[in-house]
Amino acid sequence: MKSRLFSLVIYLTASISGILVLLYPFFLPTISVQTGFGTYRAGELPAMMTLLLGLCLLVLLIEAQGPVMNTKLIALLGVLVAINSALRFFETAIPGPGGFTPIFFLIILVGYVYGGRVGFLMGALTLLVSALVTGGVGPWLPGQMFTAGWVGMSAPILRPAIKTLRIRGDQKSTSLVNPEILILAIFGMLWGFLYGAIMNLWQWPFIVGPQGQSWVAGSSLGVTIQHYLAFYLVTSLVWDAIAALGNVLLLLAFGAPALRALRRFQRRFAFSYSNDGAPGTIQHGEGSSG
Amino acid sequence: MKQPWAWVIWLAAVLVMLTITRNPLYLMIILLCVVLVWLALRAKGASLAQSFSWWKFAGWIILLATGFNMLTSHFGETVLFIIPGKIPLISGNITVEAMVYGATNGLILTGMLASFTVLNLALPMRDLISLIPRAFFPIAVVTSIAVSYLPTTLRQFRQIREAQEVRGHHMRTLGDWLPLLMPLLVGGLEHAMQLAEAMTARGFASTRTASSKRSIYPRVLMLAGVTLMIAGWLMQLGLAGGEGWILIVSGFMLTLIGLWWLGKGSQRTVYHRRVWSWQDGLVIAGTLAAVIAMFAPMPGVGKEIFYYDPYPVIQMPGFSLRIGLAILALIVPGVLKLFTRQANHSS
């Protein structure tokens, strides 16, 4: 219990730190008016952001890899990450429209079925392995791994809502739509936009620099958000909309059979999880020695 | 070059140099060095599985950064033209200063992308995986399994597709992908089960160090380290002074100690230890020379030469030939790649 609580503190602190680091362009203008933060330190900001985000990711990975000592989980993750990386490999070879990417389909389902920790590792490692395979290692990688990890880690929060809907659905039993898949599809759509918006926060300071439209010394938070929205509308809205639509379509088309398969193997791998939806709820039937 | 760490040091130096200067002349020299190293690697047969043209991508980045800054930043006194009306953000003076500032941002980003592309070209995948710290050995194992299983997955996909085609299956709608994806997923999960049993049978993770309960202290150290670094960074932004750096350095040291502590419990067997060669030494010497030239005090050259700001009126950036020549030392890995014989891709 104590260890779990500590684990939760680490997850929360590292995640909040990561969010804080990503959001720094929004509070910098207010700071810069008091300090006269100059252009001469322009480059260190985005570089420092990448470094700090990378370190937050390391802390989260250390925490998440805790239960991975189990051979079944290692093998399962290795193979699932390979399948997802293969999907990304296809995407790299034959680019889909806009921001369409098939990788979030499996990250969401794995996080939802196997729990937040496995979901986080699935998301982060998919991006790592596919970057190694496609030559995509770069300063954007920590941000991508962090965000994709969040996608998988946040999926279990849907369980209580889906359970409630399922009970109501069972009572009425007239609905043709599977509420579980519908909620997962909405979740996928939200992450389609969120992933793009978060990754934009990484590149925004690089593209627009520390002065000019983003960090006019003394400009209010509202003005900075307005600038960011303009940047997002110009560069990303259509792109992310296609990504969100792709997630929805994939989850609606393949979500139900993929969930069945993952659950069948969950029993075979002797996983069990409590239903509180918090990260780190996964347990293994097998001993940690594997 | 035999040591992956020599490439990592070169990359870190390029990133640091791109970070500390906004002088477009120096940025262009750094970018030139990176591109020449890249061309040398390509001349020796290195390639990447990328579907897009990197040059076009880099061009778009510079264009986007320049165009966006011109349209939304209306500072500067050299006005090119004026966008009339009251369009939010857009209306106002379009200035040469904003254009140069945007192009400089684009150059920095392009330099970073190019330097990582060089790393991807220079190091084979196994070398990149070997760079994963010992503390992350479960993740390194998962990564190795995924990388090894990836070609099998691609082969399986082809086999499934051929088998479905023989049965008369055609790909017309999204739903037609289901008979391809589900066998791939289920087959993969079956493979994972077999792999887990084989790993267990061979005693994987059965040692005391591997299976022992995780210590709480190194995790506390790492968390404290990262928190201190962020606090130091915020202080640095807020006070614009040097005080934050004490927290940043302390936090970084704590994080390193935490990583070392976590890693010392895990054993790693190295079958082919990478040795340091004279080429690696030469690369590091060249890299250090370039970095020192930017950091060390030089008679008659002020540090403001790196902090070029086109606002409020554009002027020619300063330039020191000595520093420019020293930066050219970044080209050493490319020269070595071209003019030294190597037994294979990585050794």
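Nothing here was measured: the structure is a model prediction, and the numbers come from that model. (Residues numbered from 1 in each chain as written. Chains lettered and ligands numbered in written order. Predicted model: local features only at pLDDT ≥ 70, side-chain atom pairs only at ≥ 80, totals over all residues.)

**Regarding the overall build of chain A**
Across its full length, chain A holds eleven helices and two strands. Reading chain A from its N terminus to its C terminus gives the helix and strand order α-α-α-α-α-α-α-α-α-α-α-β-β. Looking at chain A alone, contacts between residues at least 24 apart form 79% of all its contacts between residues at least 6 apart. (Helix = DSSP H or I, 4+ residues; strand = E, 2+ residues; numbered from the N terminus. Contact = placed C-beta atoms within 7 Å.)

**Describing the overall build of chain B**
For chain B, the helix and strand inventory stands at 13 helices and two strands. Its C-alpha radius of gyration of 26 Å places chain B more than 25% over the 20 Å reference for a compact globule of 347 residues. The principal-axis extents of the C-alpha atoms in chain B amount to approximately 70 × 55 × 45 Å. Out of the 347 residues in chain B, the part that is buried amounts to 39%. Relative to all contacts within chain B whose residues are 6 or more apart in sequence, the contacts with residues 24 or more apart total 73%. (Rg over C-alpha atoms; globule rule 2.2 N^0.38 Å. Buried ≥ 20, exposed ≤ 12 C-beta atoms within 10 Å, placed from the backbone.)

**Focus on helix α1 (residues 4-20) of chain B**
An ideal rise of 1.5 Å per residue puts 24 Å on 17 residues; α1 of chain B measures up with 25 Å between its terminal C-alpha atoms. Residues of α1 of chain B that are buried: P4, A6, W7, W10, L11, A13, V14, M17, L18, T19 and I20 of chain B. (Expected span 1.5 Å × (residues − 1).)

**Quick look at the environment of M125 of chain B**
Tracing the sequence through the fold places M125 of chain B in helix α5 (residues 125-130). With near-sequence residues (within four places) excluded, M125 of chain B lies in contact with L132 of chain A together with V147 of chain B.

**Comments concerning the nonpolar core**
With 174 residues, the main nonpolar core has C56, V59, L77 and L125 of chain A together with I30 and I327 of chain B as its most contacted residues. For C56 of chain A, the contacting residues outside a window of four places in its chain are A14, S17, G18, V21 and F146 of chain A together with V226 of chain B. (Core = buried A, V, L, I, M, F, W, Y, C linked by C-beta atoms within 7 Å.)

**Some points on the environment of P317 of chain B**
Residue and element names in this part refer to chain B. Its place among the elements puts P317 in the loop between α11 (278-295) and α12 (321-327). Classification of P317 as buried rests on a count of 20 C-beta atoms within 10 Å. In sequence terms P317 and P24 are 293 residues apart; their C-alpha atoms lie 7.5 Å from each other.

**Overview of the environment of Q144 of chain A**
Residues and elements named next belong to chain A. Locating Q144 in the fold gives a position in helix α7 (residues 141-154). On the neighbour-count criterion, Q144 (23 C-beta atoms within 10 Å) is buried. For the pair formed by Q144 and L22, sequence separation is 122 residues and the distance between their alpha carbons is 12 Å. Residues within four places of Q144 in sequence aside, it is in contact with L127 and M199.

**Remarks on the packing of helix α6 (residues 137-166) of chain B against helix α7 (residues 178-201) of chain B**
Residues and elements named next belong to chain B. α7 packs onto α6 with a crossing angle of 135° between their chain directions and a minimal axis gap of 9 Å. Relative to α7, the element α6 lies oblique. As α6 runs across α7, the sense of the crossing is right-handed. Contact residues: T153, Q156, F157, I160, R161 and Q164 in α6; P179, L180, P183, L184, G187 and G188 in α7. Broken down by class, the residue content of the contact of α6 with α7 amounts to six nonpolar, five polar and one charged. (Axes fitted to C-alpha atoms, helices over the stretch in contact; angles between N-to-C directions. Parallel < 35°, antiparallel > 145°, perpendicular 65-115°, else oblique. Left-handed = near helix turned anticlockwise from the far one by under 90°. Nonpolar A, V, L, I, M, F, W, Y, C, P; charged D, E, K, R; others polar.)

**Side note on the confidence of the model for chain B**
It should be kept in mind that the predicted coordinates are not to be read in detail where pLDDT is low. A residue-level look at chain B finds 93% of positions with pLDDT of 70 or above and a mean pLDDT of 84. Scored as a complex, the prediction yields pTM 0.79 and ipTM 0.81. (pLDDT = per-residue confidence, 0-100.)

**Regarding the packing of helix α5 (residues 103-114) of chain A against α7 of chain A**
To describe two helices that pack against each other, one gives the angle between their axes and the distance between the axes. Residues and elements named next belong to chain A. It is the contact of α5 with α7, at a shortest axis distance of 6 Å, that shows an interaxial angle of 40°. One element, α5, and the other, α7, form an angle in the oblique class. Judged by residue contacts, F104, I107, I108, V110 and G111 of α5 engage A148, V151, G152 and M153 from α7. Broken down by class, the residue content of the contact of α5 with α7 amounts to seven nonpolar, two polar and no charged.

**Here's the deal with the confidence of the model for chain A**
All names here are of chain A. In the predicted model, chain A carries a mean pLDDT of 78, and the fraction of residues at 70 or more is 74%. The secondary-structure element of chain A with the lowest mean pLDDT is strand β1 (residues 271-273), recorded at 49, while α5 shows the highest, at 94. Overall, residues 34-40 carries pLDDT values under 50, and its contacts beyond four positions in sequence, including any with other chains, amount to 14 contacts. Low pLDDT (under 50) marks residues 284-290, which in the prediction has 23 contacts with non-local residues, meaning those over four places away or in another chain.

**A closer look at unusual backbone geometry**
The omega torsion across Y311 of chain B and P312 of chain B is -5°, close enough to zero to call that bond cis. Relative to the helices and strands, P312 of chain B resides in the loop between α11 and α12.

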